[in-house]
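Coordinate analysis (summary)
Residue strings, one per chain:
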Amino acid sequence: MASSLTKDSVSPGTPGSEKTFFGHPRGLATLFMTEMWERFSYYGMRALLPLYLVAPGGLHLDAATATAIYSVYVSLVYLLAMPGGWFGDRVWGPRKTVAVAGAVIMLGHLTLALPSSGTFYAGLGLVAIGSGLLKANISTMVGHLYDGPDDPRRDGGFTVFYMGINLGAFAAPLIIGTIGENVNWHLGFALAALGMALGLAQFLIGSRNLAERSSVVPTPLSAEEKSSTLRKAAIWAGIAVVFYAIVGFSGSYTLNWILVPLTLLGVIIPTMVLVRIKRDKDLDRTEQKSMSAYIWFFVAAAVFWMIYDQGGSTLSIFADSSADNSVLGWDFPVSWYQSVNPVLIMALAPVFAWFWLALNRRGKEPSTIVKFASGLVLVGASFFLFLAPLSIAEGGHKAAAMWLVAIYFVQTVGELLVSPVGLSVTTKMAPAKYASQMMGVWFLAVTAGDATTGLLSIGGVDLNKTGVVALEATLAVVAGVAVWMYRKRVKELMGGVH
């Protein structure tokens, strides 16, 4: 295993070669802890968000509006990952961008902690902006710790790093969720701010262990580009201010004046990005065919995330109102359901890695297309499973907690089929011209999926109704079967990519 390497096997001059973290460059400990605390703050707040939005002691909104806000927020986090990566590449460099991002996230959580509905949405916006700035750049800095892509420790390093994500995501609902639900909502949001403050502090203290090139701006903007970018940003900001000032003074402002444009952007921007890349004349015939195949994966992933991310909104709101949230007579907070996925990821990911390797040795490992199709079918199956507790609740009874745990289990297995495979195929199928941008394009599939959920909610669709859940489940299964049926055509378009 890569992490078993000692400092003696590290080549001289490699960042962090004198001290190691489980056999990896010392800087990995800094980034691991930063990501763990950032994910702690993010997932803790996210576990509380839909519950606070519908709670009588919170904003007391209806379920559809709460789901729309939650979906828009999550879609924005992933949408802003692309401009966040751009800032790291063109303006501040990864290290400074991550430091600024941590401060913005902390400020956002502190704003959420204020007992005011007016500042609440500003806090959500700040957390989304900060998360977008941090997401791409911190992963880039992990790569900087290693001696090129052929460094044998590199894959192991990213595995250790992603464990930090799941550790933070697992602990957050148990701590922040409990305090938020049982003591005070705003104290829960304040704990999220504390988590990010701890992450930021140790990042600043431990930044001396990071690679020097993490402070370098790879392709800095020229003076002319800076001027042009600032001018365009000022024009768009001015248009937005004038527009919303007119809406506000006219007395016709409602929350939908914000939600509708943001959800539309979440669908339009991913579409525009894919069309722009597909139509690029610089792409050769092989790259054009690969992009045609990639669009299949992108659409399939958007359908997957549309259903999967409702685990934090639709399922959470259902659990709050209609589930018996207890085990052996012991009641637990609704937010604890959000710890099920990360603990399952940590338990099942090594099993899946071993399983694929064992099948590969026998020449029986399923293709990327089959894995994708299976993930879609499974996420559809999870919502078919959701029909059982919905029916129990409609009969006037509380659904058992294990129904929801079973749904999260099926979705997690689906995630392990779709997410790692999607990341891998994105890097393999990326045209040379867009090699560094395609990871951001992959995140846009999450944006498109969540934005679609937001549009449905804004349109008045009750996502906790049996008919709607059955329709979504059918859509995912049909999409999975369609991908499987056209696997030969997609494989042909993929060319040499496997």
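Taking an unreviewed UniProt entry as the reference, the protein is identified by name as MFS transporter belonging to Streptomyces cupreus. Reading the Sequence similarities (unreviewed entry) entry of the UniProt record for the protein gives the comment "Belongs to the major facilitator superfamily. Proton-dependent oligopeptide transporter (POT/PTR) (TC 2.A.17) family."

Mapped onto the elements of the fold, E38 is located in helix α1 (residues 27-54). Of note is the side chain of E38, whose polar atom sits 2.7 Å from the side chain of R39. Beyond its immediate stretch of four places on either side in the chain, E38 contacts I105, S131, L134 and M196.

Before going further, it helps to spend a moment on a nonpolar patch on the surface. Residues W296, V377, V481, W484, M485 and Y486 make up a contiguous nonpolar surface patch of about 570 Å² in total accessible area. Element by element, the count of residues in the nonpolar patch is highest for helix α16 (residues 466-485), at three residues. Within the element layout of this structure, W296 appears in helix α10 (residues 285-308).

Moving on to the pattern of salt bridges. Here the structure, examined in full by the defined rule, presents three salt bridges. Among the salt bridges present, the one from E225 reaches R90, with a minimum N-O distance of 2.9 Å. Of this pair, E225 sits in helix α8 (residues 223-249) while R90 is found in helix α3 (residues 81-90), placing the two residues 135 residues apart along the sequence. Classification of R90 as buried rests on a relative accessible area of 19%.

Along its sequence, the protein is carved into domain 1 (22-216) and domain 2 (262-497). Between domain 1 and domain 2, the C-alpha centre-to-centre distance is 22 Å. Tallying the contact residues gives 32 residues for domain 1 and 34 residues for domain 2. Where domain 1 abuts domain 2, roughly 2900 Å² becomes buried across the two surfaces, and 74% of that area is made up of carbon and sulfur atoms. Among the residues domain 1 hides against domain 2, the three largest losses belong to Y78, L79 and M82. Together they make up 19% of the total.

Parameters at a glance
Positions within a chain are numbered from 1, following the residues in the order the chain's sequence is written. Owing to the predicted nature of the model, reporting of local features is limited to residues with pLDDT of at least 70; listing and counting of side-chain atom pairs is limited to 80 or more, with chain, interface and lining totals taken over all residues. Values reported for side chains reflect all heavy atoms of the structure, with hydrogen atoms and water molecules removed beforehand. UniProt positions are given in the numbering used here, feature names are shortened, and annotations may be inferred rather than shown by experiment. We count a stretch as a helix when DSSP gives it H or I for four or more residues in a row; a strand needs E for two or more, and each element gets its number in order from the N terminus. Polar contact criterion, stated in full: a pair of N or O atoms within 3.5 Å, where within protein one must be able to donate a hydrogen and the other to accept it, and residues adjacent in sequence count only if both atoms are side-chain atoms. Here, two residues are considered to be in contact whenever any of their heavy atoms come within 4.5 Å of each other. To count toward a patch, a residue needs a relative accessible area over 30% and no salt bridge; like charges are then connected within 9 Å, while nonpolar side chains (Val, Leu, Ile, Met, Phe, Trp, Tyr) are connected within 5 Å. We get accessible surface area from the Shrake-Rupley algorithm with a probe of 1.4 Å; when it comes to residues, only the shown protein chains can shield them. When a carboxyl oxygen of Asp or Glu is within 4 Å of a side-chain nitrogen of Lys or Arg, the pair counts as a salt bridge. Burial classes: relative accessible area under 20% of the type maximum marks a residue as buried, over 50% as exposed, and values in between as partly exposed (1.4 Å probe, protein chains only). Domain start and end points were adopted from an automatic or database domain assignment. Note on terms: buried area is the combined drop in 1.4 Å-probe accessible area of two parts once they are placed together, counting the loss on both.

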